[in-house]
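Single-letter residue listing:
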Amino acid sequence: MTKQEWPLYEVFIRSRAGLSHRHAGSVHAADDAMALDHARDTYTRRSEGVSIWVVRSDRIVASDPAETAAFFEPAEDKVYRHPTFYDIPDEVENL
Amino acid sequence: MSPEQAVCAYAMRLGDNALVLGQRLTELVAAGPELEEELANANFALDYIGQARMYYALAARLEGKGRDEDALAFLRPEHEFRNLLLVEQPNGHFGDTVVRQVLFESFYRLQLDALVQCKDAGLAEIAARAAKEVRYHLRHGTQWLVRLGDGTAQSHARVQASLLELWPYTGEMFAEDDLDVIIRESVGGPDLAALQREWQADVAAIVEQATLTLPDSGWMASGGKQGRHTEHMGYLLAEMQYLQRSYPGATW
């Protein structure tokens, strides 16, 4: 009997209210509900999160490494897009 | 029996359920069907052992005889354990484990919800913590029961057989004995008749969703709450207690 692998899901965790979800890793699961359980059991055992997103890895549309130059390099010489002249108060975290 | 003695005995009983089920789940560590499921199961086992420690600590304090939670877990003989027969049943195949967990945890969840409301602060505090853990276990187990029941012809047949086999151990959960009466009347603990109606409705809904057939009520086993166990219990205790029995007081 050949063993069929469960599909891969990518896991995103929000570590506390106000922050964005960040990629934490991936899990295998047979369906969406199981993926959420597995993500909870694998990545939030030590209180790492207050919210979890899971999405099937094959549903993620990713940029093509071959197009890196066309995608990202045009932004490199446009310094005027960086708001470097603002002072950020020390109390502001997570900006 | 004073209310304090009753709470002590009841906490011991809850601790026995948690410890024996935790030991059963521990047997599955490193034997999970998938890495993620393995991790989930180990979490559940640890949840139960953590709950057992809290119940035993409460019982030991009320008992006041200088026994600690380790003494209660490792140095009592089989007939002093008052856990339900259901929780000592072997893991069998994955479907057997899933059915045992769902049948017990759908009861335990209701029992804990009732204990959260009871007049004994010690019990209520532990119950509040355990209820959150068990809610999640039940969510996980229920999903598996539906997947297996409503899965392939083979998974359906196997999990239906598990349900038939374990069903006779469910009656004991609701068979009220003297201690249950004292806890209900003097501490405001669970009303088992009301719990049974809720449990039957909950389980019927899960079983229906899993396209399985609910067994007839039929003959029910009993004895766990009185310390009369099935043949499996001795083996479980032998493995669990071996170290402390062979090397008394061993620590590491």
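Provided above is the structure to which this section pertains.
Throughout this description, residue numbers start from 1 for each chain and increase along the sequence as written. A letter from A marks each chain and a number from 1 marks each ligand, given out in the order of writing. Per-residue local features of the predicted model are confined to residues with pLDDT of at least 70, and side-chain atom pairs are confined, for both listing and counting, to 80 or more; whole-chain, interface and lining totals are unaffected and use all residues. By convention in this description, side-chain values take in all heavy atoms of the structure and omit both hydrogens and water.

Student: Would you explain the overall build of chain A in this entry?
Tutor: By the criteria applied, helices consist of DSSP H or I runs no shorter than four residues and strands consist of E runs no shorter than two, each listed in order from the N terminus. Across its full length, chain A holds two helices and three strands. Along chain A, helices and strands appear, N-terminal first, in the series β-β-α-β-α. Taking the principal axes of the C-alpha coordinates as reference, chain A spans close to 60 × 40 × 15 Å. We call two residues contacting when some pair of their heavy atoms lies within 4.5 Å. A separation of at least 24 residues holds for 44% of the contacts in chain A among residues at least 6 apart in sequence. The accessible surface values rely on the Shrake-Rupley method and a 1.4 Å probe; as for residues, cover is taken only from the protein chains in view. Looking at chain A as shown, the accessible area adds up to about 7600 Å², and 52% of this sits on carbon and sulfur atoms.

Student: Help me understand the interface of chain B and chain A, please; the structure alone is not making it clear to me.
Tutor: How big an interface is tends to be stated in terms of the accessible area lost upon association of its parts. Listed per partner, the contact involves 13 residues of chain B and 14 residues of chain A. For the pair chain B and chain A, the summed buried surface comes to about 1300 Å²; carbon and sulfur atoms form 47% of the total. For salt bridges, the criterion is a side-chain nitrogen of Lys or Arg within 4 Å of an Asp or Glu carboxyl oxygen. For the interface between chain B and chain A, the tally reads two salt bridges. Among the ionic pairs, D31 of chain A bridges to R147 of chain B, the shortest N-O distance being 2.6 Å. Polar contacts, as used here, are pairs of N or O atoms within 3.5 Å; protein pairs need one atom able to donate a hydrogen and one able to accept it. Residues neighboring in sequence count only if both atoms are side-chain atoms. Connecting chain B to chain A are nine residue pairs in polar contact (both at pLDDT 80 or more). Values labelled buried area give the accessible surface lost by two parts on being combined, using a 1.4 Å probe and summing over both.

Student: What exactly am I supposed to notice about the sheet that holds strand β2 (residues 21-28) of chain A here?
Tutor: Adjacent strands of a sheet pair through backbone hydrogen bonds, lying either parallel or antiparallel. Residues and elements named next belong to chain A. Pairs of strands are assigned from DSSP output, requiring at least two bridges between the strands. Strand order in the open sheet formed by three strands is β2-β1-β3, with antiparallel pairing between adjacent strands. Since the sheet does not close on itself, it has two edges, and those belong to β2 and β3 (51-56), each with one partner. Pairs of neighbouring strands in the sheet enclose a mean axial angle of 25 degrees, with direction left out of account. Pairing between strand β1 (residues 8-14) and β3: six bridges, direction antiparallel. As a rule, the C-alpha atoms of each element are fitted with a line to give its axis, helices using only the stretch in contact, and angles between N-to-C directions run from 0 to 180 degrees.

Student: Even after reading the chapter, I still don't get the pairing of β1 of chain A, so can you show me in this structure?
Tutor: Remark: a regular strand shows side chains that alternate across the two faces of the sheet. Residues and elements named next belong to chain A. Where β1 meets β2, seven bridges bridge the pair, whose relative direction is antiparallel. The partner of R14 across the bridge, within β2, is H21. What sits between β1 and β2 in their antiparallel hairpin is a turn of six residues, with G18 showing a positive phi close to 100 degrees.

Student: It is not clear to me how the packing of aromatic side chains should be interpreted in this structure. Could you clarify?
Tutor: How two aromatic rings sit relative to each other is set out by the distance from centre to centre and by the angle between their planes. We call Phe, Tyr and Trp rings a pair once their centres come within 6.5 Å, taking the six-membered ring for Trp, and we label the pair stacked below 30 degrees between planes, edge-to-face above 60, and tilted otherwise. Per the counting criterion, the structure on display carries 10 aromatic pairs over all chains. Taken together, a centroid distance of 5.0 Å and an interplanar angle of 85 degrees make the contact between F94 of chain B and W144 of chain B edge-to-face. Of the two residues, F94 of chain B sits in helix α5 (residues 94-116) while W144 of chain B sits in helix α6 (residues 121-149), which places them 50 residues apart along the sequence. Judged by centre distance (5.4 Å) and plane angle (90 degrees), the ring pair of F107 of chain B and F174 of chain B falls under edge-to-face. In this pair, F107 of chain B is assigned in helix α5 and F174 of chain B in the loop between α7 (153-166) and α8 (178-187), connecting sequence segments 67 residues apart. The buried category is assigned to F107 of chain B, whose relative accessible area is 3%. Relative accessibility decides the category of a residue: with a 1.4 Å probe and only protein chains considered, values under 20% of the type maximum give buried, values over 50% give exposed, and everything between is partly exposed. Taking relative accessible area as the criterion, F174 of chain B reaches 8% and is therefore assigned buried. An aromatic cluster is present here, built from Y48, F104, F107, Y108, W167, F174 and W199 of chain B joined pairwise through their rings. A ring has a charge above it when a Lys NZ or an Arg CZ is no more than 6 Å from the ring centre and no more than 35 degrees off the ring normal. The residue whose ring lies beneath R40 of chain A is Y136 of chain B, and the NZ or CZ to ring-centre distance is 3.5 Å. For R147 of chain B, the ring lying beneath its charged end belongs to W144 of chain B, and the centroid distance is 4.8 Å.

Student: What should I look at first to understand the packing of α5 of chain B against α6 of chain B in this one?
Tutor: Relative orientation and spacing of two packed helices are given, respectively, by the angle between their axes and the distance between those axes. Residue and element names in this part refer to chain B. Axis separation between α5 and α6 bottoms out at 7 Å; the angle between their running directions is 150 degrees. Considering how the two elements wind past one another, α5 and α6 form a crossing that is left-handed. Throughout this entry, Asp, Glu, Lys and Arg are counted as charged residues, while Ala, Val, Leu, Ile, Met, Phe, Trp, Tyr, Cys and Pro are counted as nonpolar. The remaining residues, Gly among them, count as polar. Along the lines of polarity and charge, the residues of the contact of α5 with α6 split into 19 nonpolar, five polar and four charged. Handedness of a crossing is defined here by the sense of rotation of the near helix relative to the far one, left-handed for an anticlockwise turn of less than a right angle and right-handed for a clockwise turn.

Student: Teacher, can you tell me more about the packing of helix α2 (residues 35-63) of chain B against α6 of chain B here?
Tutor: Residues and elements named next belong to chain B. Remark: α2 packs on α6, axes separated minimally by 11 Å, with the N-to-C direction vectors making an angle of 160 degrees. Of the possible angle classes, the one that applies to α2 and α6 is roughly antiparallel. For the pair α2 and α6, the sense of crossing is left-handed. Counted together, E37, A40, F44, D47, Y48, Q51, M54, Y55 and L58 of α2 and G122, L123, I126, R129, A130, E133, V134, Y136, H137, H140 and W144 of α6 form the full contact between these two elements. Looking at the contact of α2 with α6 residue by residue, the class counts come to 12 nonpolar, four polar and four charged. When an angle is under 35 degrees it counts as roughly parallel; over 145 it counts as roughly antiparallel; between 65 and 115 it counts as roughly perpendicular; any other value is oblique.

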